[in-house]
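Overview (structure and organization)
Listed here are the chains, written in short residue letters.
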Amino acid sequence: MSEANVGIHLGNRLVEVGCNHVFAVPGDFNLLLLDQLIKNKELEMVWCCNELNAGYAADGYARRKGIGCVVVTFCVGGFSVINAVSGAYSEDLPVICVSGGPNSNDFASNHVLHHTIGLNNDYGQQVRAFREVTCCQVIISHIEDAHRQIDLAVSEAVKHRKPVYIEISCNIADLFHPSFVRPAVPFSIEPPLSNKLSLDAAVDDIAKILNNGVKPVLLVGPRLRRPEVQKAFLALAEASQFPITMLPDAKGFVPEDHPNFCGIYWGAVSAPCVCEMVESADLVVAVGCVWTDYSTVGYSLLLKNEKMIKIDDRHVTIQNGTTYSCINNIDVLKQLATKVKVNNTSFINFKRMYLPLSEPAPLKDDEPITVNVLFNHVQKALTADSSVISEVGDSWFNTMKMKLPRGGTYELQMRYGSIGWSVGAVLGYQCADQQLDPKRRLFAFIGDGSFQMTVQEVSTMLRYNLKPIIFLINNGGYTIEVEIHDGPYNVIKNWNYTGVIEAFQNGEGKLWTTKVRTEPEFKVALAEAIKKTDTLCFIEVFVHKDDCSKELLEWGSRVATCNGRRPVAH
């Protein structure tokens with residue numbers, strides 16, 4: 001069988017765009033395709049426990065490497081992974097979702113196929129679903145079109161930073177075709193050019209307003225993920241000396257040791273000095289911001305559009321009025337940095353108001369550990385080689401207070417907020433670091449309710465010798481749901497979590513587990529985990545069910561009110 005085939009070409013293109021791991025679950029519609037992908041020595045196949053987790057892993061991988069890939073079987077695999085792909089779409093992550101498809105001869109056969117929903121000769125149900133959560137969809141059922149279709153889908157994922165869907169008929173994945181004989185010409189994927197007239201007018205307009213402003217502030221949003229855009233933003237910050245703040249889902253995109261960095265702006269749950277500075281500013285330059293009920297604390301931010309200059313991917317809106325389109329944010333930021341005047345008034349005011357966070361008082365040796373004490377100790381353990389992944393829930397609020405050292409990274413899934421996302425994301429992120437930065441250590445904070453959703457993938461981490469430190473916060477239920485709207489459904493069955501993880505090991509992979517209930521036990525456990533650099537460390541921390549951050553209480557009350565529910569009384 002010739003190596004000039006669909007699967008080989010797909011593998012080569014994945015490697016070319018920086019995807020060296022594929023997260024997959026085998027099924028009878030994708031087996032021939034997997035046979036071809038395995039042949040690529042630069043591509044490591046990561047066999048996952050289920051498709052949802054594989055999709056979460058591709059999401060985590062894309063956050064670290066810039067692009068990810070998941071391979072599933074038809075319908076039973078595709079409909080399982082679609083939730084993870086939806087999250088990647090929401091979070092602007094280029095995940096290539098590849099599904100095996102029906103034999104190309106079946107399309108004219110009037111057969112009812114297994115794994116489908118039982119419609120005669122209608123095998124389009126899966127692609128119709130994926131149209132809602134991907135920016136490009138291709139069905140490869142004719143070998144003559146395969147080269148073009150694969151190149152189209154992969155390049156669209158890179159260009160738009162969104163997921164794409166590729167369906168490959170099971171009988172053609174290993175077929176020879178002359179279009180694959182010659183090595184493919186490398187991609188040359190350039191962003192769309194800015195309209196120069198629109199760009200110049202926008203920058204002149206913004207510069208004039210900012211240079212006449214009194215207390216301007218910079219606000220970073222989650223669409224500042226691309227490193228080159230972050231660099232352009234920092235050039236503007238240094239040229240202007242405006243204070244830097246960021247939305248919670250942009251944490252990690254700006255160095256937190258930058259001289260002008262002030263903190264997270266999260267409305268009523270921000271530090272008071274940050275909230276006051278942003279909401280009293282006469283101008284807020286919002287770069288790449290996305291406004292959801294989660295990030296705006298139930299749409300309760302006291303920010304007026306009339307005070308905002310919004311710089312987005314392809315357009316700029318000035319004070320809720322003039323809009324300039326067909327311009328790239330990076331071009332706006334670069335050009336604006338050359339025209340803006342220094343104004344550090346807001347930053348000086350912030351420094352007058354700023355009070356550093358006080359450390360929690362030490363607990364008695366036999367006193368139950370609290371979440372603020374737990375995270376205070378982790379803060380001291382973070383280094384430039386640390387990464388933090390926070391699951392949906394109270395961990396969001398506690399990790400927001402942690403200061404990342406320069407070089408440290410941080411990830412959460414706030415826009416989509418799928419409970420259980422973090423376990424698969426840790427797998428994907430760690431696989432990327434195996435190649436990029438093997439000495440980096442990942443700290444994952446996961447609640448017990450979330451963990452029960454996707455726990456199986458810890459076995460995959462052991463299988464591939466990954467080494468995260470996982471903190472399982474055991475408080476007996478869905479704390480974040482309790483604060484939005486309580487009920488008996490928020491209480492979960494308690495597990496012996498360390499016992500479950502030890503069962504997963506089963507003699508394969510390096511594992512260390514422990515349970516902690518007090519501060520002295522936690523300090524010992526954390527120090528031991530940090531020393532075990534070649535081992536997956538699992539620390540189960542028992543905390544009281546009502547022990548959560550005050551910020552979560554406030555946030556939950558406002559989000560509940562926004563969504564028409566009665567807030568929980570405290």
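Residues numbered from 1 in each chain as written. Predicted model: local features only at pLDDT ≥ 70, side-chain atom pairs only at ≥ 80, totals over all residues. Heavy atoms only, no water.

Bringing the UniProt feature "binding site: Mg(2+)" (unreviewed entry) in the chain into the picture now. Under the feature "binding site: Mg(2+)" (unreviewed entry), the UniProt entry names Asp448, Asn475 and Gly477. Topologically, Asn475 is positioned in the loop between β17 (469–474) and α17 (479–484). A relative accessible area of 12% places Asn475 in the buried class. Leave out the neighbours within four places in its chain, and Asn475 touches Asp448, Val543, His544 and Lys545. (UniProt positions renumbered as here; feature names shortened; annotations may be inferred. Helix = DSSP H or I, 4+ residues; strand = E, 2+ residues; numbered from the N terminus. Buried < 20%, exposed > 50% of the residue type's maximum accessible area, 1.4 Å probe, protein only. Contact = heavy atoms within 4.5 Å.)

To continue, consider the sheet that holds strand β9 (residues 261–264). Read from one edge to the other, the open sheet built from 7 strands follows the order β9-β8-β7-β10-β11-β12-β13, with strand pairing classed as mixed. Of all the strands in the sheet, just β9 and β13 (323–325) have a single pairing partner and so form its edges. Ignoring strand direction, the axes of neighbouring strands in this sheet form an average angle of 15 degrees. Where strand β11 (residues 308–311) lies against strand β12 (residues 315–318), 3 bridges are found, and the strand directions are antiparallel. (Pairing = 2+ DSSP bridges. Axes fitted to C-alpha atoms, helices over the stretch in contact; angles between N-to-C directions.)

Before going further, it helps to examine the state of the cysteines. Counted under the stated rule, the structure contains 0 disulfides. With no disulfide of its own, Cys75 has Cys97 as its nearest cysteine by sulfur position, at a separation of 12 Å. With no disulfide of its own, Cys273 lies closest to Cys262 among cysteine sulfurs, the gap being 7.9 Å. When its relative accessible area of 8% is taken as the criterion, Cys273 is described as buried. (Disulfide = S-S within 2.5 Å.)

Moving on, we come to the pairing of strand β14 (residues 386–390). By the criterion of burial, β14 is predominantly enclosed, with 5 of the 5 residues buried. A two-sided burial pattern is seen for β14, the buried positions comprising Ser386, Val388 and Ser390 on one face and Ser387 and Ile389 on the other. Running through helix α13 (residues 394–400), the crossover from β14 to the neighbouring parallel element strand β15 (residues 409–412) is right-handed. (Right-handed = clockwise from strand over helix to strand, strands pointing away.)

Time to look at the side chain of Ser240. Topologically, Ser240 is positioned in helix α8 (residues 227–240). A distance of 3.4 Å separates a polar atom in the side chain of Ser240 from the backbone oxygen of Ala237. The residues contacting Ser240, other than those within four sequence positions of it, are Leu218, Val340, Lys341, Val342 and Asn343. (Polar contact = N/O pair within 3.5 Å; in protein donor to acceptor, adjacent residues only side chain to side chain.)

In the UniProt entry, the feature "domain: Thiamine pyrophosphate enzyme central" (unreviewed entry) is given for residues 203–320. Helix makes up 27% of residues 203–320 and strand 21%, and the two end C-alpha atoms of the span are 16 Å apart.

The next subject is helix α12 (residues 371–381). Within α12, 8 of the 11 residues are buried, which leaves the element mostly enclosed by the surrounding structure. Within the span of α12, buried status applies to Val371, Val373, Leu374, Phe375, Asn376, His377, Val378 and Ala381. On the buried face of α12, the contacting elements are β14, α13, β16 (441–447), β17, α19 (519–531) and β19 (536–542).

This paragraph deals with the sheet that holds β16. Taken together, 6 strands build an open sheet; the order of strands is β15-β14-β16-β17-β19-β18 and the sheet is parallel. In the strand order of this sheet, the two ends are held by β15 and β18 (511–516), each with one partner. Going across the sheet, the axis of each strand differs from the next one's by a mean of 15 degrees, ignoring polarity. In the sheet, β14 pairs with β15 via 4 bridges, with the strands oriented parallel. Of the residues in β15, the one forming a bridge with Ser387 is Thr409. Helix α14 (residues 421–436) rests against β14, β15 and β16 of the sheet, and its axis sits at about 160 degrees to β14.

What follows is about the packing of α12 against α19. Where α12 meets α19, the closest approach of the two axes is 11 Å, and the angle between their N-to-C directions is 30 degrees. With respect to each other, α12 and α19 are oriented roughly parallel. For the element pair α12 and α19, the recorded crossing hand is right-handed. Contacts between α12 and α19 involve Val373, Leu374, His377, Val378 and Ala381 on the former and, on the latter, Glu519, Phe522, Lys523, Leu526 and Ile530. Per-class residue counts for the contact of α12 with α19 are 7 nonpolar, 1 polar and 2 charged. (Parallel < 35°, antiparallel > 145°, perpendicular 65-115°, else oblique. Left-handed = near helix turned anticlockwise from the far one by under 90°. Nonpolar A, V, L, I, M, F, W, Y, C, P; charged D, E, K, R; others polar.)

Along the polypeptide, Asn30 turns up in the loop between β1 (21–24) and α2 (31–38). In terms of polar contacts, Asn30 uses its side chain to reach the backbone carbonyl oxygen of Val72, at 3.1 Å. Each residue touching Asn30, except ones within four places of it in the same chain, is listed here: Val25, Val71, Val72, Thr73 and Gly100.

Most of the time, phi is negative for any residue but glycine, and the peptide bond is trans. The phi dihedral of Gln319 is positive, around 50 degrees, even though this residue is not glycine. Along the polypeptide, Gln319 turns up in the loop between β12 and β13. At Cys326, a residue that is not glycine, the phi angle is positive and equals roughly 60 degrees. Here Cys326 is to be found in the loop between β13 and α10 (329–337).

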